[in-house]
Amino acid sequence: MSGRRSRPRQSASYSRITDDQINDLLPKLQALLPEARHQSNDRASAAKVLQETCSYIRSLHREVDDLSERLSELLAATDTNSPQAAVIRSLLM
Amino acid sequence: MIPPHSSAAGDASSVAGDAAGGTKKTKARRQSPPESKWRRGAQQRIYGRRLLEAIRARPADPRSIKDAADSALALTAGGQTRWSRAVLFGRSRRRRTVHLKAGGKIRRRQLRRKMVAEASMELPPALRRKKVRDRLRVLSKIVPGCRKLSAPSLLEETADYVAALEMQVKTMRALADALSAATLSERDPVHDPHGRGENLES
């Protein structure tokens, strides 16, 4: 992390982000998006891929939030009833 | 499924060690594509164990559980990516993360000026359009620890982050399903003649 002042963070290619680099990475990203798996989407525009990536990440965050809620409820429910608690705690401990 | 040991502490220190020389390492190393890495069963099991440990160590409210899930995910990532390091080091401070640097100074402003200058000059045509740059900026705010990255690095971090999040969701859902099945079978033993609850411990 030191020396960032004296030279660019990456190698000399930092000042020349090539077309190839971007064109290489965008399809890779696109392949991770759920839509791409259903349609054979050949090279959507960069803007579209980025936009869908943003919304996909946001929806994944929401799913994590919902699952956290669900897990919290499940764990709370076990404390009231000791037969359940035995099973749940055996999973957690 | 129950972890006999606690590896969380050990991993945290190794992550800290990676962070010191992190930039050089990620540049030189060719990592396996994020999709295959995060979809391997081994990673899911490792994450599942860490998730359980982390949940156990915290109160059971939703925010703590989400906190546990994110910490466990960053640990499982192994500190090889910026987003995972940002998540781990963001734990010790509240929301506004101060990016750790050797000199301890915040160089955000300096680098942003540089990035904007680069952006207007030597970019490939795809990146010169304002729409794309705007979307990149939004993306850099969504992925942890990536606000100052160049476009190729940001895209790489994003790919890894997306794959990791998918695994996180899959594992949490499996855990929730297992717990609710255990809860249901406890409540209604008539419908559980084969001891479904026991399968959960295998």
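Going by the annotation in an unreviewed UniProt entry, the name recorded for chain B is Transcription factor bHLH150, with Apostasia shenzhenica given as the source organism. Listed in UniProt under the heading Subcellular location (unreviewed entry), the comment for chain B reads: "Nucleus". We quote the UniProt Sequence similarities (unreviewed entry) comment for chain B here in full: "Belongs to the bHLH protein family."

An unreviewed UniProt entry lists chain A under the name Transcription factor bHLH135, with Apostasia shenzhenica given as the organism. On record in UniProt, under Sequence similarities (unreviewed entry), the comment for chain A is "Belongs to the bHLH protein family."

Moving on, we get to the pattern of salt bridges. Here the structure, examined in full by the defined rule, presents 10 salt bridges over all chains. Here Lys48 of chain A ties to Glu52 of chain A by a salt bridge, and the two come within 2.4 Å at their closest N and O atoms. Of this pair, Lys48 of chain A and Glu52 of chain A are both found in helix α3 (residues 46-79), four residues apart, which corresponds to roughly one turn of the helix. Overall, the relative accessible area of 19% leaves Glu52 of chain A in the buried class. The residue Lys66 of chain B makes a salt bridge to Asp65 of chain A at a minimum N-O spacing of 3.5 Å. Residue Lys66 of chain B is found in helix α5 (residues 62-77), and its partner Asp65 of chain A is found in helix α3; the two belong to separate chains. Taken together, the salt bridges that share partners define one network made up of Asp65 of chain A together with Lys66 and Asp70 of chain B.

With that settled, consider helix α1 (residues 19-32) of chain A. All names here are of chain A. Between its terminal C-alpha atoms α1 stretches 21 Å, which fits the 20 Å expected from 14 residues at 1.5 Å a residue. For α1, the full list of buried residues reads Ile22, Leu25, Leu26, Leu29, Gln30 and Leu32. Down the axis of α1, the sector holding all buried residues measures 145°, keeping them to one side. Opposite its buried face, α1 presents the exposed residues Asp20 and Asp24, each directed more than 90 degrees away.

Here the focus is the environment of Trp38 of chain B. All names here are of chain B. With respect to the helices and strands, the residue Trp38 is situated in helix α3 (residues 34-39). Through-space distance from the C-alpha of Trp38 to that of Asp160 is 8.2 Å; in sequence the pair is 122 residues apart. Apart from residues lying up to four places away in sequence, Trp38 is in contact with Gln43, Gln44, Leu73, Thr76, Ala77, Trp83, Asp160, Ala163, Ala164 and Met167. In this structure the side chain of Trp38 is engaged in a polar contact, spanning 3.1 Å, whose partner is the side chain of Asp160.

The next point concerns the confidence of the model for chain A. Residue and element names in this part refer to chain A. For chain A, per-residue confidence averages 73 on the pLDDT scale, and residues scoring 70 or more make up 56% of the total. Per-element mean pLDDT across chain A ranges from 60 in helix α4 (residues 82-92) up to 90 in α3. Across residues 7-15 the pLDDT falls below 50, and counting only partners more than four positions away or on other chains, this stretch makes 20 contacts in the model.

Conventions adopted
- Residues numbered from 1 in each chain as written.
- Chains lettered and ligands numbered in written order.
- Predicted model: local features only at pLDDT ≥ 70, side-chain atom pairs only at ≥ 80, totals over all residues.
- Heavy atoms only, no water.
- UniProt positions renumbered as here; feature names shortened; annotations may be inferred.
- Salt bridge = Lys/Arg side-chain N within 4 Å of Asp/Glu carboxyl O.
- Helix = DSSP H or I, 4+ residues; strand = E, 2+ residues; numbered from the N terminus.
- Buried < 20%, exposed > 50% of the residue type's maximum accessible area, 1.4 Å probe, protein only.
- Expected span 1.5 Å × (residues − 1).
- Arc of directions from axis to C-beta.
- Contact = heavy atoms within 4.5 Å.
- Polar contact = N/O pair within 3.5 Å; in protein donor to acceptor, adjacent residues only side chain to side chain.
- pLDDT = per-residue confidence, 0-100.

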